[in-house]
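Structural overview for review
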Amino acid sequence: DVYIREVYISYNLILYECDHRGKIFNGGNMLSLSLDRVSGSGFKSKKEYLFGRIDMQLKLVAGNSAGTVTTYYLSSQGATHDEIDFEFLGNETGKPYVLHTNVFAQGKGNREQQFYLWFDPTKNFHTYSIVWRPQHIIFLVDNLPIRVFNNAEKLGVPFPKNQPMRIYSSLWNADDWATRGGLVKTDWSKAPFTAYYRGFNAAACTVSSGCDPKFKTSLSDSELQTANELNAYGRRRLRWVQKYFMIYNYCSDLKRFPRGFPPECRRSRV
């Protein structure tokens, strides 16, 4: 039976797992999620957020992680839900993880961008951040912007701005698609697969208690942004990541969009 345990790490996460596939370390300052053939595990935030910066440090499944997906995302509920995704697609030993990002608005996603990382995400903890503002969503890795999704409502493109979202994370089996389109399956002889989490921080607005004052400076404004936009340095860093490490962008997939790219792709320049 699956049972619910509450995890108090000063920011109130709810861990959901069975048979101790989720574990707590260092007095509640770090937790792990594990996956085996029987079950995965995950957690979610008690609070719902409406705009803010969310940071989490992750150390991903080491060794042969093919077929596994480690997720860290914001989401509301229902058929017309909003969602902002980090998904880490496992791979065979020695081959790189794929960082998969997506944005859902009013139940519609299909806005994928994928990246290799410029480091081994299984050796040490690295910080993955989502900055969610009414005008844009910025994905960051170790405070480097890798993706900006701008509000293009003027072009008729839905944008997540009305539905509060919880933070979720999970470790699960997706060997029908995760690694090389499902060609490489999960090697269950290597189970359990384990990922580690620490350093959660939410400088954000909640429905119940308003906005954290730190949200106003949550992007290290002097370094990366001015006037709620990436500054010249931030744009250079973004272009560097996208030039050398982006491996898929829906806004350049002609086979997928033979009749023309989605309207927000015209605004994707930075």
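Look above for the structure.
Below or above, wherever it landed, is the structure these notes cover. (Residues numbered from 1 in each chain as written. Predicted model: local features only at pLDDT ≥ 70, side-chain atom pairs only at ≥ 80, totals over all residues. Heavy atoms only, no water.)

**A look at the overall build of the protein**
The secondary structure content of the protein amounts to 2 helices and 19 strands. Among the 270 residues that make up the protein, the fraction classed as buried is 54%. Within the protein, contacts between residues at least 6 apart in sequence are counted, and of these 63% link residues at least 24 apart. For the protein, the accessible area works out to roughly 12,900 Å², and carbon and sulfur atoms hold 49% of it. (Helix = DSSP H or I, 4+ residues; strand = E, 2+ residues; numbered from the N terminus. Buried < 20%, exposed > 50% of the residue type's maximum accessible area, 1.4 Å probe, protein only. Contact = heavy atoms within 4.5 Å. Areas by Shrake-Rupley, 256 points an atom, 1.4 Å probe, with all protein chains shown as cover.)

**Describing the state of the cysteines**
Across all of its chains, the model carries 1 disulfide by this definition. Two residues, Cys 251 and Cys 265, share a disulfide whose sulfurs are 2.0 Å apart. Taking the torsion about the S-S bond as the criterion, the Cys 251 to Cys 265 disulfide, at about -80°, is left-handed. Here the residue Cys 251 occupies a position in the segment after strand 19 (246–249), and Cys 265 occupies one in the segment after strand 19, the gap between them amounting to 14 residues. (Disulfide = S-S within 2.5 Å.)

**Description of the nonpolar core**
With 49 residues, the main nonpolar core has Phe 86, Tyr 128, Trp 132 and Ile 137 as its most contacted residues. The next biggest cluster of nonpolar side chains, apart from the first, holds 6 residues, and it includes Val 131, Ile 138, Val 148 and Leu 230. (Core = buried A, V, L, I, M, F, W, Y, C linked by side-chain atoms within 4.5 Å.)

**Some words on the pattern of salt bridges**
The final tally for this structure, using the stated rule, is 8 salt bridges. For Arg 53, the salt bridge is made with Asp 55, and the minimal N-O distance between the two is 2.8 Å. Here the two residues Arg 53 and Asp 55 agree in accessibility, since each one is buried. Glu 92 is the salt-bridge partner of Lys 95, the closest N and O atoms lying 3.2 Å from each other. A relative accessible area of 46% means that Lys 95 is categorised as partly exposed. With relative accessibility at 24%, the residue Glu 92 sits in the partly exposed group. (Salt bridge = Lys/Arg side-chain N within 4 Å of Asp/Glu carboxyl O.)

**Things to note about helix 2 (residues 232–244)**
For helix 2, spanning 13 residues, the distance from its first C-alpha to its last is 18 Å, which sits close to the expected 18 Å at 1.5 Å a residue. Restricting attention to buried positions, one finds in helix 2 the residues Gly 234, Leu 238 and Val 241. Viewed end-on, helix 2 has its buried residues packed into an arc of 65°, placing them on one side of the element. In helix 2, the exposed positions angled more than 90 degrees off the buried face are occupied by Lys 243 and Tyr 244. (Expected span 1.5 Å × (residues − 1). Arc of directions from axis to C-beta.)

**So, the pairing of strand 8 (residues 83–89)**
With 7 of 7 residues buried, strand 8 is to be regarded as a mostly interior element. Alternating residues of strand 8 divide into Glu 83, Asp 85, Glu 87 and Leu 89 and Ile 84, Phe 86 and Phe 88, and every residue in both groups is buried. In terms of strand pairing, strand 7 (residues 68–75) meets strand 8 through 7 bridges, oriented antiparallel. Within strand 8, the residue paired with Thr 70 across the bridge is Phe 88. Judged from the 7 bridges that link them, strand 8 and strand 9 (residues 98–104) form a sheet pairing that is antiparallel. Looking across to strand 9, one finds that Glu 83 is bridged to Phe 104. (Pairing = 2+ DSSP bridges.)

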